[in-house]
Structure formats: structure tokens, C-alpha cells
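# Chain and residue survey
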Amino acid sequence: NAGVTQTPKFRVLKTGQSMTLLCAQDMNHEYMYWYRQDPGMGLRLIHYSVGEGTTAKGEVPDGYNVSRLKKQNFLLGLESAAPSQTSVYFCASSPLSLGAEQYFGPGTRLTVT
Amino acid sequence: GQQVMQIPQYQHVQEGEDFTTYCNSSTTLSNIQWYKQRPGGHPVFLIQLVKSGEVKKQKRLTFQFGEAKKNSSLHITATQTTDVGTYFCAGIRQGGKLIFGQGTELSVKP
């Protein structure tokens, strides 16, 4: 099993550009999450999904959109990137509930200039 | 705002010294989890504590959950260079989502 994978690993965007980050998991997990990690801020939840076709807002959802069309995939979109969105983005999944152990992907390092 | 506070933010120790990081919440937590993130890596689940006053051990690591279920600690005995990384606690209130602390970055000098 590959676990949780993320593409791309690195990306540089110019302000105003758009992009989509892809997360895929092969563990048949119901719950999936997108976090951003900034120095001194820990991990902050952007959006999450409790199952195929469902999404919900986390702590810091502004400027991001998500979709979960297939159970194994969770997409994070930036419609108009801003320098404040420079961060490392982690996707995670969990099998049982929102409070269960989470399995993280390797991360995507995004720089917006 | 941040609902789970973690201290210290950084800790530098000599190899062989002990290390402790503390996690505090203003509200009661239904459980608490601990993760480790190696430099350049991703968070990896270490353990989950559910019961009031619970203590769990993993080799040199000791995890505690407070009696009031508002605080937790991770203690590493006799640190090794392999312990280097950032340790995160993550708490959850009943029916809610995980809220991560800011993390404690541990460096170990050989």
C-alpha cells in the first residue's frame, strides 16, 4: 500500500494564479483532511470530508475550495493564489471518525510570489 | 483561535538528557493524540490517550493524560539523536475535530 500520496511535491505560483493539489489514499478511509503548516502555528485544518461527495470547512477555509468526487481522492483548489498561502500543505486520512488516528501524506511545499 | 497550547516551542538538549513537552487545553478533551514529525517529513501518529489520568509507555517515551482531561505531557528519557523532530499534541472535544498544538521542536546534541 502506498498510504497517502500527494501531488505535486513542490510548486511555485505567481499571485493570482490557480492550482489544484491532489491527495489520494488507498486505505479505503472515509475521512480526509487538508491542513496547512506554517512556522510556529502547528497544523491548521483547512477543509475536511467525512465521506465521498461531502466536504466541510475547517479553521482556515478562506481562499480554498475542495472536492471529494471519489472516496480515495480529495482535491484542494486555490482559485487566486496569494502570498499568504505560501505554506506546506498536508493531506491526511482516518478510518473511523474525526477523532481517530490520522495518516498523513508527504506534503506539498507551495510558494506564492 | 488556537485551543490547544503546547510548551515549550523549542527544546535543545544534550544526548542522554530527558525531555518533556506539555499540552494544555482550556476545555475538556475527549481524547488526545501525539504525533512526531521528523525534519522535512510528515507527522506520524505515536499514541492516543482516552481515559482520565491515563499513562502509556513506548520504550523511552511516557505519555500522560491529566485527571481533568485538559492537559497532557510527553516525556522522553535519555534522549537520542533519533528523537530529533517536532512533537505535536492534538486534542479533540466531544464530536469535534482534532485541534493541533503548535508543536515542540526538539534538537539533540550528540
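Everything numeric in this text was worked out from a predicted model, so none of it was measured.

## Re the sheet that holds strand S7 (residues 65–67) of chain A
Residue and element names in this part refer to chain A. One open sheet holds the 4 strands; their spatial order is S1-S3-S8-S7, and the pairing between them is antiparallel. At either end of the open sheet lies a strand with only one pairing partner, and these are strand S1 (4–7) and S7. Between one strand axis and the next, the sheet turns by 20° as a mean value, whatever way the strands run. For S1 and strand S3 (residues 19–25), the ladder comprises 4 bridges, and the chain directions are antiparallel.

## Section: the packing of aromatic side chains
Here the structure, examined in full by the defined rule, presents 12 aromatic pairs over all chains. Judged by centre distance (6.2 Å) and plane angle (80°), the ring pair of Phe104 of chain A and Phe100 of chain B falls under edge-to-face. Here Phe104 of chain A, found in strand S10 (residues 103–104), pairs with Phe100 of chain B, found in strand S10 (residues 99–100), and the two come from separate chains. We note that Phe104 of chain A, like Phe100 of chain B, is buried. Here the aromatic rings of Tyr35 of chain B and Phe100 of chain B are separated by 5.4 Å at their centres, their planes lie at 50°, and the arrangement is tilted. One end of the pair, Tyr35 of chain B, is in strand S4 (residues 31–37); the other, Phe100 of chain B, is in strand S10, with 65 residues separating them in the sequence. With a relative accessible area of 0%, Tyr35 of chain B lands in the buried category. For Phe100 of chain B, a relative accessible area of 1% translates into the label buried. What links up through ring pairs into an aromatic cluster is the set Tyr33, Tyr35, Phe90 and Phe104 of chain A together with Tyr35, Phe45, Phe88 and Phe100 of chain B.

## Side note on the nonpolar core
Nonpolar side chains tend toward joint burial in soluble globular proteins. Membership of the largest hydrophobic core comes to 20 residues, with the highest contact counts inside it found for Ile32, Trp34 and Phe63 of chain B. By size, the runner-up hydrophobic cluster in this structure holds 18 residues, among which are Val4, Cys23, Val66 and Leu110 of chain A.

## Examining the layout of surface pockets
Gaps left between atoms show up when a probe the size of a water molecule is rolled over them. The calculated volume of the largest pocket comes to roughly 640 Å³. Lining the largest pocket are 30 residues, with Gln37 and Arg109 of chain A together with Gln37, Gly40 and Thr86 of chain B sitting closest to its centre. Those elements giving two or more residues to the lining of the largest pocket turn out to be strand S4 (31–38) and strand S9 (87–94) of chain A together with strand S9 (85–92) and strand S11 (104–109) of chain B. Split by residue class, the lining of the largest pocket holds 11 nonpolar, 14 polar and 5 charged.

Reading the values: the criteria
- Residues numbered from 1 in each chain as written.
- Chains lettered and ligands numbered in written order.
- Predicted model: local features only at pLDDT ≥ 70, side-chain atom pairs only at ≥ 80, totals over all residues.
- Heavy atoms only, no water.
- Pairing = 2+ DSSP bridges.
- Helix = DSSP H or I, 4+ residues; strand = E, 2+ residues; numbered from the N terminus.
- Axes fitted to C-alpha atoms, helices over the stretch in contact; angles between N-to-C directions.
- Phe/Tyr/Trp six-rings, centres within 6.5 Å; stacked < 30°, edge-to-face > 60°.
- Buried < 20%, exposed > 50% of the residue type's maximum accessible area, 1.4 Å probe, protein only.
- Core = buried A, V, L, I, M, F, W, Y, C linked by side-chain atoms within 4.5 Å.
- 1 Å grid on protein atoms, 1.4 Å probe; cavity = no way out; pocket = protein on both sides within 12 Å on 5 of 7 lines; lining within 4 Å.
- Points joined across faces, edges and corners; volume = space filled by probe spheres on them.
- Nonpolar A, V, L, I, M, F, W, Y, C, P; charged D, E, K, R; others polar.

In short, the description is geometric, and any link to function would need to be established separately.
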